[in-house]
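# Chains, contacts and geometry: an overview
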Amino acid sequence: MSDYLLDTNILILCFRKTEGYRELLDTLAKDDTLYISAITRLEIVRGMHDHEKKATFNLLDSLETIDVTIEIADKAGELIRQWRTKGIILGDADAVIAATALNHGLALVTTNEKHFPMTDLVVYQANRYGKLTLRE
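Residues numbered from 1 in each chain as written. Predicted model: local features only at pLDDT ≥ 70, side-chain atom pairs only at ≥ 80, totals over all residues. Heavy atoms only, no water.

## Things to note about the overall build of the protein
- In terms of regular secondary structure, the protein is built from six helices and six strands.
- When the helices and strands of the protein are placed in sequence order, the string is β-α-α-β-α-α-β-α-α-β-β-β.
- In summary, the protein has a C-alpha radius of gyration of 14 Å against a globular reference of 14 Å for 136 residues, a match within 12%.
- Viewed in the frame of its principal axes, the protein has a C-alpha envelope of about 40 × 30 × 25 Å.
- Burial status across the protein gives 39% buried among its 136 residues.
- Total accessible area on the protein stands at roughly 7,900 Å², and carbon and sulfur atoms take up 50% of it.
- Separation of charge centres in the protein, based on 16 positive and 21 negative side chains, amounts to 5 Å. (Helix = DSSP H or I, 4+ residues; strand = E, 2+ residues; numbered from the N terminus. Rg over C-alpha atoms; globule rule 2.2 N^0.38 Å. Buried < 20%, exposed > 50% of the residue type's maximum accessible area, 1.4 Å probe, protein only. Areas by Shrake-Rupley, 256 points an atom, 1.4 Å probe, with all protein chains shown as cover. Lys, Arg positive; Asp, Glu negative; His and termini not counted. Charge placed at Lys NZ, Arg CZ, Asp CG, Glu CD.)

## Brief notes about the sheet that holds strand β4 (residues 107-110)
- Pairing is mixed across the open sheet formed by six strands, whose spatial order is β3-β2-β1-β4-β5-β6. Edge positions in the sheet fall to β3 (64-66) and β6 (132-134), since each has one partner strand and no second. Strand-to-strand twist of the sheet, defined as the mean angle between neighbouring strand axes without regard to direction, takes the value 35°. (Pairing = 2+ DSSP bridges. Axes fitted to C-alpha atoms, helices over the stretch in contact; angles between N-to-C directions.)

## Observations regarding the pairing of strand β2 (residues 34-37)
- Relative to β2, strand β1 (residues 4-6) is paired through two bridges, and the arrangement is parallel. If you follow Tyr 4 over to β2, its bridge partner there is Leu 34.
- For β2 and β3, the ladder comprises three bridges, and the chain directions are parallel. Looking at β3, one finds that Ser 37 is bridged to Ile 66.

Structure, rendered in structure tokens:
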């Protein structure tokens, strides 16, 4: 197996108690380490409500957070620039998440594989019930 970097949308669906997503995290965490980017942590914290604070930090603290380093920032900038020349606009957060996965050799778990067009990135697409398929 592989260790996994979770995209922000996976955590959002888990917080919303979307069927299958808590089970997805539990299944992945059985044999592998689950990581998030510091940018994912930022996105989750900025969107939480006061009454969700304890549950939010309990889940976030159960995951390994990877800091945005100079290398990750540079790689994210390169990805944005590279894909822009192909007519594809990457969001800053998505570029940082992709660069984090690439720099650490992690498989990315997301519901939006189209946000991550990099062919050298291992991407697992989660469906609406938390079932994964490997992008080919």
